Amino acid sequence: MNVDYLALIFRWLHILAAITAVGGAAFARFALLPAMATLGEEQRAALHEAIRMRWSKIVAGAIAFLLISGVFNIVRAEQLYALGPTYHMLFGIKFILAILIFGLASMLAGRGRAAHKLRENARFWLSVNLLMAVLLVCISGTLKDLPHTPKPAAANATAE
């Protein structure tokens, strides 16, 4: 059995970063926001800032891991397989969704005036981000199940 350990590590990084980002957004939307609504304004602001300071670093790290591992994965797939137009179309949609999700997640975790304005309707924007993330995960699962015809050079290289 020939295992590409580097590819496996990058796949794990990609999946773990996605789980962290999407799970954190789901937690914030369905548990944290409703719980914070029970607090007074001063307590809510203090808790939000304490969480934001920590969560913004996790969001930035998850985005970095997703971008790095995602670039590795698509370059590797292009080298090894003859990917058809359906794959490329879905990957393009996935990439655009990812950029939108990254931007919205960064804004929700940010500290600027625009971020504060966006967080005034955090429930809505977290819901939008989660909906896009679920769509992205569904597209990813579809991409994994599309036919991957090995390129002749790649088939020879992996057989050696």
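Here's what I pulled together on the structure shown here. Just so it is clear, the structure is predicted and the values come from calculations on it, not from any experiment.

Attention shifts here to helix α5 (residues 122-145). Counted at 1.5 Å a residue, the expected span for α5 with its 24 residues is 34 Å, and the 35 Å between its end C-alpha atoms agrees. Along its buried surface, α5 packs onto α1 (5-36), α3 (85-109) and α4 (113-119).

Tallied over the entire structure, the rule returns 4 salt bridges. Salt-bridge contacts for Glu41 lead to Arg44; the nearest nitrogen and oxygen are separated by 2.8 Å. Here the residue Glu41 and the residue Arg44 both occupy positions in helix α2 (residues 41-80), the gap between them amounting to 3 residues, near one helical turn. Exposure remark for Glu41: the relative accessible area of 56% places this residue in the exposed category. For Arg44, a relative accessible area of 26% translates into the label partly exposed. When the shortest N-O distance is used, the salt bridge between Lys117 and Glu120 registers 3.6 Å. As far as burial versus exposure is concerned, Lys117 and Glu120 are alike and both exposed.

Take the side chain of Asn129 next. For Asn129, the location among the structural elements is in helix α5. Judged by its relative accessible area of 5%, Asn129 is buried. What Asn129 contacts, discounting residues up to four positions off in sequence, is Leu100, Ile101, Leu104 and Ala105.

It is worth spelling out a nonpolar patch on the surface at this point. On the surface, Ile9, Trp12, Leu13, Ile15, Leu16, Ile19 and Phe65 cluster together into a nonpolar patch covering about 690 Å² of accessible area. When residues of the nonpolar patch are assigned to their parent elements, the largest contribution, 6 residues, is made by α1. Overall, the relative accessible area of 49% leaves Trp12 in the partly exposed class.

Rules behind the numbers
Residues numbered from 1 in each chain as written. Predicted model: local features only at pLDDT ≥ 70, side-chain atom pairs only at ≥ 80, totals over all residues. Heavy atoms only, no water. Helix = DSSP H or I, 4+ residues; strand = E, 2+ residues; numbered from the N terminus. Expected span 1.5 Å × (residues − 1). Contact = heavy atoms within 4.5 Å. Salt bridge = Lys/Arg side-chain N within 4 Å of Asp/Glu carboxyl O. Buried < 20%, exposed > 50% of the residue type's maximum accessible area, 1.4 Å probe, protein only. Patch = residues over 30% accessible without salt bridge, like charges linked within 9 Å, V, L, I, M, F, W, Y side chains within 5 Å. Areas by Shrake-Rupley, 256 points an atom, 1.4 Å probe, with all protein chains shown as cover.

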